[in-house]
Amino acid sequence: MENPKILASKLISKETKLSESQILDLIEIPPDPKLGDLAFPCFSLSKDLKKSPQDIAKDLASKIKPSDIISEIRATGPYINFFLDNTKLSKQILSRILKEKNKYGSLKPNKQIYIIEFPSPNTNKPLHLGHLRNIALASSISKILENQGYTIKRINLNNDRGIHIMKSMLAYDIWGEGRTPNSEKIKSDHFVGDYYVLFSNKAKETPNLINQAQDLLLGWEQKDPNIRALWKKMNKWALDGFEQTYKRLGLKFDKTYFESDTYKGGKAIVEQGLNQGLFFKNEDGAVLADLSHENLGEKILLRPDGTSVYITQDLYLADLKYKDFKYNKSIYVAGSEQNYHFQVLFALLKALQKPYAEDCYHLNFELVYLPEGKMKSREGTVVDADDILDEMHEIAKMEVSARHDNISEKKLDQIAEKIGQAAIRFFLIKYSRNKAIIFNPKEAISFEGETGPYLQYALVRANKILAKQKLSKPDYSLLNSEEEIALIKKLAQFPEKIQESFKQYSPHILANYTIELSQQFNTFYEKCHVLKAESKDLKNARLSLVQAFTQTLKNALHLLNIEEVELM
RNA sequence: GGGCCUGUAGCCUAGUCUGGAUAAGGCGUCCGCCUUCUAAGCGGAAGAUCGUGGGUUCGAAUCCUGCCAGGCCCA
């Protein structure tokens, strides 16, 4: 059976001068399903034929004969509207979903390797809500890419050196008095972060502390054993803490890089570029790249004293990643504030004629703000990732236990964690990437309406219907109510919605679709009783529809990194 | 000074890439629905000069352009 849109294009093409592909681009979905399933607007033919679009629509609609899955063709004003044969459509879509199961919506493996780098934290403070947006986006994009056939390698870069690290080290050195995360019973990355905040507070009264931190950095670079030992100890605390959070989020990396290993690496690449005449040296001895042809001006790569700047190490790391993975594409997940940085980086890679230069992509997103403004770790005005996860967990736990008794504490915690994470993840994914999120803890996160738990709840209800029911061969022609047909048509959109999300690297398209799908199911659920359907055959047909819905919703939730729960 | 992003009902957003029929969803408000598969749900109502002026087009939330407001980056 043919794709209805292609079939409609063929039929129109026979009666007009337009090619099938031209028509395919013009065909749209009417705003109201009562108007039809597909529509062809006749405005563009109007000039050529010197007739009004209304007359053209009338004329064409009488000439074109319905066939196959297209059951009726009708002119409505300037549009030719196509109606589909619901029985054929239901059969086509539902049997496909039930056959393909968890493959429904996916494409076959294509042998391309994509690497995706995130969330690349600094090791002087715990992960915050901004990192969670980064992780939620990157995790979902990774799943979507895998769904589309790509092999994904997840990598992480720890920014574990630099002045910010020295600040928390210095504060601990002065005021730590041998305390440890264990002795204070604090999660180890939070313990480190507390000293970073302490440093900032003390430095307001004692500006000289900044100089001391600078000295510490010099000592670190000269590999002073005492400084290195402290650095190792505190970095381990930070990294151990991150690891716990990653584990909670089900996050595993194929490879982890450390800035302290790579930060000196770019110098040779720059010098080689200089020798090849790709870069130039100015009067004071600094090495620069001329990127004015890319509208990026001139960029310093090595200072007059020969020390490298921040972007130099990224050149080295790009090379290293290519050696490690021989990727087809390298995706950097980072905030839009770094747009310029990545533009420069990619332009430099191009100037260096790197084979992978065109395959680098900055997957950007706007930051998460608080109602008061930007989150600032050093001032303690942040929403810690662990804290918000705990908070969501507790709220979810209260909600579940209010509805169900006789659940073990263990089960309760398992379910609450899945619901809490669904809420926060969905919240961070549902907006388009270039929209800043103002996070108002009192209002922003809810378990009702367009939320993760709404999706989980729809699945719980559907699963309950299917429990202990046997499916036999359904008669799809019985599914002819408005609600049933609407749900089937929604199910049919799933593959193209994934592809759209993939094309734009934007899970929010899929997130919004999944809400619409669940809304349509809930409408069906209210109007069409399954287990008490008027006849055995109707019940059976509806069971197949519910089965197809749960399959599709599960597939969607997988791509959004939302876990299924057995009860809510 | 230059560049990028954002502006859609009281609030949060989708739709903008690829122009098309009465601008869609959620929160909140109001009215209804639990002796029927879980009410974290469903139905209905009210609520929009699509920031603003101009232009292109048969047709603009969508394309071009001037301006205004907010955010970010570079110098």
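Asker: Please give an account of the overall build of chain A that cites residues and values.
Answerer: When you go through chain A residue by residue, the secondary structure sums to 22 helices and 14 strands. Looking at chain A as shown, the accessible area adds up to about 27800 Å², and 48% of this sits on carbon and sulfur atoms. Side chains of chain A give 80 positive and 74 negative charges; the mean places of these two sets differ by 5 Å.

Asker: Tell me what's going on with the sheet that holds strand 4 (residues 113-117), and back it up with residues and numbers.
Answerer: Strand order in this open sheet of five strands is 6-5-4-10-11, and the pairing throughout is parallel. Only two strands of the sheet have a single neighbouring strand rather than two, namely strand 6 (255-258) and strand 11 (360-365). Geometrically, the sheet is characterised by an average inter-axis angle of 25° between neighbouring strands, direction not taken into account. Taken together, the four bridges between strand 4 and strand 10 (residues 329-335) define a ladder with parallel strand orientation.

Asker: Any chance you could break down the side chain of Glu417 for me, citing the residues and the numbers?
Answerer: As for its position among the elements, Glu417 is in helix 17 (residues 409-429). Discounting chain neighbours no more than four positions away, the residues touching Glu417 are Arg248 and His393.

Asker: Tell me about helix 17, and name the residues and values.
Answerer: Compared with an ideal rise of 1.5 Å per residue, which puts 21 residues at 30 Å, helix 17 spans 30 Å between its outermost C-alpha atoms and is within 8% of the ideal. Counted residue by residue, helix 17 has 15 buried out of 21 residues, so it is predominantly covered.

Asker: Before we move on, can you summarise the confidence of the model for chain A with the specific residues and values?
Answerer: Put simply, chain A has an average pLDDT of 94, and 99% of its residues get 70 or more. Prediction confidence for the complex, expressed as pTM and ipTM, is 0.95 and 0.96 respectively.

Asker: Please give an account of helix 10 (residues 208-221) that cites residues and values.
Answerer: Over its 14 residues, helix 10 runs 20 Å from end to end, which matches the ideal 20 Å to within 8%, given 1.5 Å per residue. By the burial criterion, the buried members of helix 10 are Leu209, Ala213, Leu216, Leu217, Gly219 and Trp220. The arc that holds every buried residue of helix 10, seen down its axis, measures 160°, which confines them to one face. If you follow the buried residues of helix 10, they end up packed against helix 7 (163-175), helix 9 (188-205), helix 11 (225-248) and helix 12 (259-262). Backbone geometry just downstream of helix 10 places Lys223 in the positive-phi region, at approximately 60°.

Asker: Talk me through the pattern of salt bridges; I want residue IDs and the actual numbers.
Answerer: Inspection of every chain in the model, using the stated rule, returns 28 salt bridges. Residues Arg248 and Asp390 are paired through a salt bridge, measuring 2.8 Å at the closest nitrogen-oxygen approach. With Arg248 in helix 11 and Asp390 in helix 16 (residues 385-403), this residue pair connects regions lying 142 residues apart in the sequence. Of the residues examined, Asp390 reaches a relative accessible area of 38% and is grouped as partly exposed. Of the charged contacts, one joins Glu483 and Lys527 as a salt bridge, the two residues approaching to 3.7 Å between their closest N and O atoms. One end of the pair, Glu483, is in helix 19 (residues 482-492); the other, Lys527, is in helix 21 (residues 507-527), with 44 residues separating them in the sequence. Judged by its relative accessible area of 15%, Glu483 falls in the buried class.

Asker: Which residues make up the packing of aromatic side chains, and what values go with them?
Answerer: On inspection of all chains with the given rule, the structure shows 28 aromatic pairs. Aromatic side chains Phe43 and Tyr79 sit 5.8 Å apart centroid to centroid with 85° between the ring planes, which places their arrangement in the edge-to-face category. Of the two residues, Phe43 is situated in helix 3 (residues 43-49) and Tyr79 in strand 3 (residues 79-84); the sequence distance between them amounts to 36 residues. The class for Phe43 is partly exposed, based on a relative accessible area of 46%. Ring plane angle 80° and centroid distance 5.2 Å describe the contact between Tyr322 and Tyr327, whose orientation is recorded as edge-to-face.

Rules used throughout
Residues numbered from 1 in each chain as written. Chains lettered and ligands numbered in written order. Predicted model: local features only at pLDDT ≥ 70, side-chain atom pairs only at ≥ 80, totals over all residues. Heavy atoms only, no water. Helix = DSSP H or I, 4+ residues; strand = E, 2+ residues; numbered from the N terminus. Areas by Shrake-Rupley, 256 points an atom, 1.4 Å probe, with all protein chains shown as cover. Lys, Arg positive; Asp, Glu negative; His and termini not counted. Charge placed at Lys NZ, Arg CZ, Asp CG, Glu CD. Pairing = 2+ DSSP bridges. Axes fitted to C-alpha atoms, helices over the stretch in contact; angles between N-to-C directions. Contact = heavy atoms within 4.5 Å. Expected span 1.5 Å × (residues − 1). Buried < 20%, exposed > 50% of the residue type's maximum accessible area, 1.4 Å probe, protein only. pLDDT = per-residue confidence, 0-100. Arc of directions from axis to C-beta. Salt bridge = Lys/Arg side-chain N within 4 Å of Asp/Glu carboxyl O. Phe/Tyr/Trp six-rings, centres within 6.5 Å; stacked < 30°, edge-to-face > 60°.

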